[in-house]
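Here are the chains, one letter per residue:
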Amino acid sequence: QVQLVESGGGLVQAGGSLRLSCAASGRTFSSYGMGWFRQAPGKEREFVAAIRWSGGTTYYANSVKGRFTISRDNAKNTVYLQMNSLKPEDTAVYFCAASIPGYTGNYYYPDAYRYWGQGTQVTVSS
């Protein structure tokens, strides 16, 4: 069982930055692929970014590519999402997710993930 706790959300003006953190419980964090998803009011949950368990490969939604960066610190059991040049359309609840251990499939879909955090609100004002 893995528990995920997100933090770092808040209110920021357009053009600003935030860094989200996701702290994971468990001793095998390094074996999990990690992802970030977001869900805006009235919309479906959408993929934002992911990083393979090996840490060497990252994936991004086109809408955030070049602005967001996902990274992980396995020693701290934490994955991060650095968000720069934020736009009002980035406003959503952001969720952290962990895949099954050693997952090698497609990271873009929610079905790739076994564990989910409760989410943290990000609001970008214009």
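See the structure above.
A brief structural summary. Remember, predicted model here, so these are calculated numbers, not experimental data.

Moving on: the overall build of the chain. For the chain, the helix and strand inventory stands at zero helices and eleven strands. Going from the N terminus to the C terminus, the chain shows its helices and strands as β-β-β-β-β-β-β-β-β-β-β. Relative to the globule expectation of 14 Å for 126 residues, the C-alpha radius of gyration of the chain, 13 Å, shows essentially globular dimensions. A principal-axis box enclosing the C-alpha atoms of the chain has dimensions of 40 × 25 × 25 Å. Each of the 126 residues in the chain was classed as buried or not, and the buried ones make up 45%. Sequence-distant contacts, at least 24 apart, represent 59% of the contacts inside the chain between residues at least 6 apart. Total accessible area on the chain stands at roughly 6400 Å², and carbon and sulfur atoms take up 47% of it. Looking at the chain, you have 12 positive and 7 negative side-chain charges, and the mean spots of the two groups are 7 Å apart.

Okay, the packing of aromatic side chains next. Considering all chains together, one arrives at ten aromatic pairs under this definition. Both rings, one in tyrosine 107 and one in tyrosine 113, keep their centres 6.2 Å apart while their planes meet at 70°; by these two values the pair is edge-to-face. Since its relative accessible area comes to 1%, tyrosine 107 is described here as buried. By the ring-pair criterion, three or more aromatic residues cluster together here, those being Phe37, Phe47, Tyr59, Tyr103, Tyr107, Tyr108, Tyr113 and Trp116. Here the basic side chain of arginine 45 rests over the ring of tryptophan 116, its NZ or CZ set 4.8 Å away from the ring centre. Looking at arginine 72, its charged tip hangs above the ring of phenylalanine 29, at a distance of 4.6 Å from the centre.

Turning our attention to the nonpolar core. Membership of the largest hydrophobic core comes to 40 residues, with the highest contact counts inside it found for Leu4, Met34, Trp36, Val79, Leu81, Met83 and Tyr94. What tyrosine 94 contacts, discounting residues up to four positions off in sequence, is Glu6, Leu20, Trp36, Phe37, Arg38, Val48, Phe68, Leu81, Met83, Gly119, Thr120 and Val122.

Turning our attention to the side chain of glutamate 6. Residue placement: glutamate 6 occurs in strand E1 (residues 4-7). Of note is the side chain of glutamate 6, whose polar atom sits 2.8 Å from the backbone nitrogen of cysteine 96. A polar contact is formed between the side chain of glutamate 6 and the backbone nitrogen of glutamine 118, at a distance of 3.1 Å. Not counting the four nearest positions on each side in its chain, glutamate 6 is found in contact with Ser21, Cys22, Trp36, Tyr94, Phe95, Cys96, Gly117, Gln118, Gly119 and Thr120.

This part covers the environment of alanine 61. With respect to the helices and strands, the residue alanine 61 is situated in the loop between strand E6 (58-60) and strand E7 (68-73). With twelve residues separating them along the chain, alanine 61 and alanine 49 place their C-alpha atoms 6.2 Å apart. Discounting chain neighbours no more than four positions away, the residues touching alanine 61 are Phe47 and Val48.

Bringing the sheet that holds E7 into the picture now. Strand order across the open sheet formed by four strands is E1-E3-E8-E7, with antiparallel pairing between neighbours. At either end of the open sheet lies a strand with only one pairing partner, and these are E1 and E7. Across the sheet, the mean angle separating the axes of adjacent strands is 15° when strand polarity is ignored. The pairing of strand E3 (residues 18-24) with strand E8 (residues 78-83) spans six bridges and is antiparallel. Bridge pairing in E8 places leucine 18 opposite methionine 83.

What counts and how
Residues numbered from 1 in each chain as written. Predicted model: local features only at pLDDT ≥ 70, side-chain atom pairs only at ≥ 80, totals over all residues. Heavy atoms only, no water. Helix = DSSP H or I, 4+ residues; strand = E, 2+ residues; numbered from the N terminus. Rg over C-alpha atoms; globule rule 2.2 N^0.38 Å. Buried < 20%, exposed > 50% of the residue type's maximum accessible area, 1.4 Å probe, protein only. Contact = heavy atoms within 4.5 Å. Areas by Shrake-Rupley, 256 points an atom, 1.4 Å probe, with all protein chains shown as cover. Lys, Arg positive; Asp, Glu negative; His and termini not counted. Charge placed at Lys NZ, Arg CZ, Asp CG, Glu CD. Phe/Tyr/Trp six-rings, centres within 6.5 Å; stacked < 30°, edge-to-face > 60°. Lys NZ or Arg CZ within 6 Å of the ring centre and 35° of its normal. Core = buried A, V, L, I, M, F, W, Y, C linked by side-chain atoms within 4.5 Å. Polar contact = N/O pair within 3.5 Å; in protein donor to acceptor, adjacent residues only side chain to side chain. Pairing = 2+ DSSP bridges. Axes fitted to C-alpha atoms, helices over the stretch in contact; angles between N-to-C directions.

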